[in-house]
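Inside the fold
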Amino acid sequence: MNPMALQRARTQAAKDERRQAVLAAALDEFFERGFSAARMDDIARRAGVSKGALYLYFDSKKALFTALIDEFAAPNVERLGAAAREAGGGVAAIRALMRLAPILLRETPVPKIVKVLISDAFAFPDVVAAYRRDVVERGLNLIAGVLEKARAQGELEIDDPHLTARLIVAPVVMSAIWRVIFERGSATRLDIDALFALHEKNLLRALAIGGRS
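Right, let's talk about the pattern of salt bridges for a bit. Inspection of the entire model under this criterion finds 18 salt bridges. Arg-95 is paired through a salt bridge with Glu-200; the nearest N and O atoms lie 3.4 Å apart. Residue Arg-95 is found in helix H5 (residues 90-107), and its partner Glu-200 is found in helix H9 (residues 192-207); the two are separated by 105 residues along the sequence. When its relative accessible area of 40% is taken as the criterion, Arg-95 is described as partly exposed.

Okay, structure coming up:
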């Protein structure tokens with residue numbers, strides 16, 4: 001434990017750093033033990049702060065997990081939106097999203113958050129509902145909007161943009177589960193770059209006007 005972490009955070013930068021340490025500790029604790037079994041005492045110990053200091057930042061496990069969503073999951077919807085806007089058309093947007101997906105799976109805590117949500121969803125249904133509203137549905141609606149525009153412009157052949165959006169993101173959920181559950185203790189790793197390159201190829205072939213690739 002770093003003794004400096006136990007000192008009183010006097011500056012805003014120090015407070016922000018401590019808050020980030022608490023969030024990282026909470027994510028690991030929820031991931032390893034589950035939301036129900038996780039204890040605020042253990043989160044404080046893992047973060048290197050007192051329990052009293054922890055409660056100055058977050059008054060409950062629910063508040064901690066909600067902050068994790070706001071800090072680590074919700075901003076990824078903005079990244080998806082930015083990638084789609086910069087790409088322009090529907091085909092280019094799909095390609096951009098397929099290149100962004102492996103980065104999100106490797107470099108963000110999203111897989112860990114998904115695991116906690118799936119394993120302990122009944123323990124905090126209101127938080128799950130908030131995740132669905134603020135992350136899942138926003139992301140799906142964003143992708144559906146891209147698809148609707150591509151259909152209107154005659155770029156892609158799409159029967160139902162909203163259902164198609166779910167098909168597009170399905171491998172993201174599968175890959176997140178695979179990485180945090182099935183790869184633990186295994187020497188074999190899923191090649192997510194190859195997976196999403198193949199997903200992109202199959203999507204564009206399936207959605208091409210008149211079956212053109």
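Attention now goes to the packing of helix H7 (residues 125-152) against helix H8 (residues 161-182). At a minimum axis distance of 8 Å, the contact between H7 and H8 shows a crossing angle of 120°. Between H7 and H8, the angle is such that the two are oblique. Here H7 runs over H8; the crossing is right-handed. Residues Leu-140, Asn-141, Ile-143, Ala-144, Leu-147, Glu-148 and Arg-151 of H7 pack against Pro-161, His-162, Thr-164, Ala-165, Arg-166, Ile-168 and Val-169 of H8. Per-class residue counts for the contact of H7 with H8 are eight nonpolar, three polar and three charged.

Together, Glu-148, Glu-157, Asp-159 and Asp-160 make up a negatively charged patch on the protein surface. Tracing the sequence through the fold places Asp-159 in the loop between H7 and H8. Its relative accessible area of 75% is what places Asp-159 among the exposed residues.

Positionally, Asn-76 belongs in helix H4 (residues 61-87). What makes Asn-76 buried here is its relative accessible area of 8%. Each residue touching Asn-76, except ones within four places of it in the same chain, is listed here: Leu-104, Thr-108 and Val-110.

For the rest of this paragraph, the subject is the confidence of the model for the protein. In the predicted model, the protein carries a mean pLDDT of 89, and the fraction of residues at 70 or more is 93%. Ranking the elements of the protein by mean pLDDT puts helix H1 (residues 12-33) last with 90 and H9 first with 96.

Angle between the axes and distance between the axes: these two values describe a pair of packed helices. Between H4 and H5, the shortest axis-to-axis distance is 8 Å and the interhelical angle comes to 150°. You can see that H4 and H5 cross each other, and the crossing is right-handed. The residues of H5 that touch H4, namely those facing Asn-76, Arg-79, Leu-80, Ala-83, Ala-84 and Ala-87, are Ala-92, Ala-93, Ala-96, Leu-97, Leu-100, Ile-103 and Leu-104. A breakdown of the residues in the contact of H4 with H5 according to their chemical character gives 11 nonpolar, one polar and one charged.

On to the packing of aromatic side chains, then. Centre-to-centre distance and the angle between the planes together describe a pair of aromatic rings. For the structure shown, the criterion picks out six aromatic pairs. Seen from their ring centres, Phe-30 and Phe-35 are 5.3 Å apart, and the 40° between their planes marks the pair as tilted. Under the relative-accessibility criterion, Phe-30 is labelled buried at 0%. On the basis of relative accessibility, which here comes to 7%, the residue Phe-35 falls in the buried class. Residues Trp-178 and Phe-182 carry aromatic rings whose centres are separated by 5.1 Å and whose planes lie at 50° to one another, so their mutual orientation is tilted. Residue Trp-178 and its partner Phe-182 are located together in helix H8, separated by four residues, close to a single helical turn.

The next point concerns helix H6 (residues 110-119). Given 3.6 residues per turn, any residue in an α-helix points the same way as the ones three and four places further on. H6 sits mainly inside the fold: seven of its 10 residues count as buried. Looking at the buried residues of H6, the elements they touch are H1, H4, H5, H7 and H8.

Counting 59 residues, the largest nonpolar core has Phe-30, Leu-64 and Phe-65 as the members making the most contacts within it. Counting residues per element, this core draws most heavily on H4, which supplies 11 residues. Dropping the residues within four chain positions of it, Phe-30 is found in contact with Phe-35, Ala-38, Ile-43, Lys-61, Leu-64, Phe-65, Leu-68 and Val-116.

Definitions and cut-offs
- Residues numbered from 1 in each chain as written.
- Predicted model: local features only at pLDDT ≥ 70, side-chain atom pairs only at ≥ 80, totals over all residues.
- Heavy atoms only, no water.
- Salt bridge = Lys/Arg side-chain N within 4 Å of Asp/Glu carboxyl O.
- Helix = DSSP H or I, 4+ residues; strand = E, 2+ residues; numbered from the N terminus.
- Buried < 20%, exposed > 50% of the residue type's maximum accessible area, 1.4 Å probe, protein only.
- Axes fitted to C-alpha atoms, helices over the stretch in contact; angles between N-to-C directions.
- Parallel < 35°, antiparallel > 145°, perpendicular 65-115°, else oblique.
- Left-handed = near helix turned anticlockwise from the far one by under 90°.
- Contact = heavy atoms within 4.5 Å.
- Nonpolar A, V, L, I, M, F, W, Y, C, P; charged D, E, K, R; others polar.
- Patch = residues over 30% accessible without salt bridge, like charges linked within 9 Å, V, L, I, M, F, W, Y side chains within 5 Å.
- Areas by Shrake-Rupley, 256 points an atom, 1.4 Å probe, with all protein chains shown as cover.
- Lys, Arg positive; Asp, Glu negative; His and termini not counted.
- Charge placed at Lys NZ, Arg CZ, Asp CG, Glu CD.
- pLDDT = per-residue confidence, 0-100.
- Phe/Tyr/Trp six-rings, centres within 6.5 Å; stacked < 30°, edge-to-face > 60°.
- Core = buried A, V, L, I, M, F, W, Y, C linked by side-chain atoms within 4.5 Å.

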